[in-house]
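As a plain string of letters, each chain reads:
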Amino acid sequence: MSKKKLGLDDLGGFVFSTDNDFDVDANNSDQIETPAPKDQHLEAHFSNKGRGGKIVTVIKGFEGNDDDLNSLGKTLKKKCGVGGSVKDGEIIIQGDVRNKVMEFLKHDGYSVKRVGG
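Residues numbered from 1 in each chain as written. Predicted model: local features only at pLDDT ≥ 70, side-chain atom pairs only at ≥ 80, totals over all residues. Heavy atoms only, no water.

Q: Tell me about the packing of helix H1 (residues 66-80) against helix H2 (residues 98-107), residues and numbers included.
A: Two elements in contact, H1 and H2, have axes whose closest approach is 10 Å; the angle formed by their N-to-C orientations is 125 degrees. Considered as vectors, H1 and H2 are oriented oblique to each other. For the crossing formed where H1 meets H2, the hand is right-handed. Of the residues in H2, those touching H1 at Leu72, Thr75, Leu76, Lys79 and Cys80 are Lys100, Val101, Phe104 and Leu105. Taken together, the residues of the contact of H1 with H2 break down into six nonpolar, one polar and two charged. (Axes fitted to C-alpha atoms, helices over the stretch in contact; angles between N-to-C directions. Helix = DSSP H or I, 4+ residues; strand = E, 2+ residues; numbered from the N terminus. Parallel < 35°, antiparallel > 145°, perpendicular 65-115°, else oblique. Left-handed = near helix turned anticlockwise from the far one by under 90°. Contact = heavy atoms within 4.5 Å. Nonpolar A, V, L, I, M, F, W, Y, C, P; charged D, E, K, R; others polar.)

Q: Now, about the side chain of Thr57: what can you tell me, with residues and values included?
A: Topologically, Thr57 is positioned in strand S2 (residues 56-60). Judged by its relative accessible area of 0%, Thr57 is buried. In terms of polar contacts, Thr57 uses its side chain to reach the backbone carbonyl oxygen of Gly95, at 2.8 Å. Those residues within four positions of Thr57 in sequence are excluded, and the remaining contacts are His45, Ile91, Ile92, Ile93, Gly95, Asp96, Val97 and Arg98. (Buried < 20%, exposed > 50% of the residue type's maximum accessible area, 1.4 Å probe, protein only. Polar contact = N/O pair within 3.5 Å; in protein donor to acceptor, adjacent residues only side chain to side chain.)

Q: With reference to specific residues and values, describe H2.
A: Among the residues of H2, those classed as buried are Arg98, Val101, Met102, Phe104 and Leu105. For H2, the angular spread of buried residues about the axis comes to 165 degrees, placing them on one side. Within H2, the exposed residues directed more than 90 degrees away from the buried face are Asn99, Glu103 and His107. Elements in contact with the buried residues of H2: strand S1 (41-47), S2, H1, strand S4 (90-94) and strand S5 (111-115). Backbone geometry just after H2 places Gly109 at a positive phi near 100 degrees. (Arc of directions from axis to C-beta.)

So far we have only geometry, and geometry alone does not tell us how the molecule works.
Listed below in structure tokens is the structure:
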């Protein structure tokens, strides 16, 4: 079931411009610069709601572009040896692997806090 589009942000930010010099790439939100790991404040959450009772670790609070978020998610999944996904600015990793994730993130210079359960 697909999510209903409700606003301009859901449509990609802009619909039409009358400016002849308008550049789509200059206004692209993917060009956001990602702060250094020491400037990031992440949270490692425990969750099993809405997943059929399955336990997952959710990493929230990442600031930066989608490519860097996907890269960090892929690295975390590989380090933990589990599956997962990246959705809505959050990294979802299968299982309660918060200790491994926090250890890896701290080793890489991120500030990470354990939240929940």
